[in-house]
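Now for the letters of each chain:
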Amino acid sequence: WREALTPEQFYVLREEGTERPNSSPLNDIKEAGTFSCAGCGSPLFVTSTKYESGTGWPSFYAPIDSEAVQTSTDFKLIVPRTEVCCAKCGGHL
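The structure displayed is predicted, hence computed values, not measured ones.

Quick notes on the rules
- Residues numbered from 1 in each chain as written.
- Predicted model: local features only at pLDDT ≥ 70, side-chain atom pairs only at ≥ 80, totals over all residues.
- Heavy atoms only, no water.
- Buried < 20%, exposed > 50% of the residue type's maximum accessible area, 1.4 Å probe, protein only.
- Helix = DSSP H or I, 4+ residues; strand = E, 2+ residues; numbered from the N terminus.
- 1 Å grid on protein atoms, 1.4 Å probe; cavity = no way out; pocket = protein on both sides within 12 Å on 5 of 7 lines; lining within 4 Å.
- Points joined across faces, edges and corners; volume = space filled by probe spheres on them.
- Nonpolar A, V, L, I, M, F, W, Y, C, P; charged D, E, K, R; others polar.
- Phe/Tyr/Trp six-rings, centres within 6.5 Å; stacked < 30°, edge-to-face > 60°.
- Lys NZ or Arg CZ within 6 Å of the ring centre and 35° of its normal.

1. Remarks on helix α1 (residues 7-15)
Burial in α1 covers these residues: F10, V12 and L13. Within two residues after α1, E16 carries a phi angle of roughly 60°, on the positive side.

2. Focus: the layout of surface pockets
Within this model, the largest pocket holds a volume of roughly 1,300 Å³. Of all elements in the fold, only α1, β1 (34-36), β2 (43-46), β4 (59-60), β5 (69-74) and β6 (81-86) reach the threshold of two or more residues within the lining of the largest pocket. Of the residues that constitute the lining of the largest pocket, the class distribution is 19 nonpolar, 12 polar and seven charged. Volume-wise, the second largest pocket comes out at about 180 Å³. Partitioned by chemical class, the residues of the lining of the second largest pocket number four nonpolar, seven polar and three charged.

3. Comments concerning the packing of aromatic side chains
In the structure shown here, the tally under the stated rule is two aromatic pairs. When the centroid spacing of 4.9 Å and the interplanar angle of 65° are considered together, the rings of F35 and F60 count as edge-to-face. On the criterion of sequence distance, the pair formed by F35 in strand β1 and F60 in strand β4 is long-range, its members being 25 residues apart. On the basis of relative accessible area, F35 is assigned to the buried category, the value being 8%. With a centroid separation of 4.3 Å and 10° between ring planes, the pair formed by F45 and F60 is classed as stacked. On the criterion of sequence distance, the pair formed by F45 in strand β2 and F60 in strand β4 is long-range, its members being 15 residues apart. When its relative accessible area of 12% is taken as the criterion, F45 is described as buried. Connected via pairs of aromatic rings, a cluster forms that spans F35, F45 and F60. The cationic tip of R14 hangs over the ring face of W1; the distance from NZ or CZ to the ring centre is 4.3 Å.

This is the structure:
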């Protein structure tokens, strides 16, 4: 994975890191299209399900299909959050 991904992609996808809020170029994409996993290329979301959550990260209210992503509850910040991962490669989204 290290050879295939940029250091930032590796940090987020494989080490469950978090980008700085408002730093992703994906925030500005409004054109119709598909958002795919940076690790394996699997289609994950479509632009029509993208919304402005106010968090500073790209947000989607539904995956492209029910088997595209996996979710789990994350307690790393004490308060429970929903962690979303690519169902194909396990990449942290």
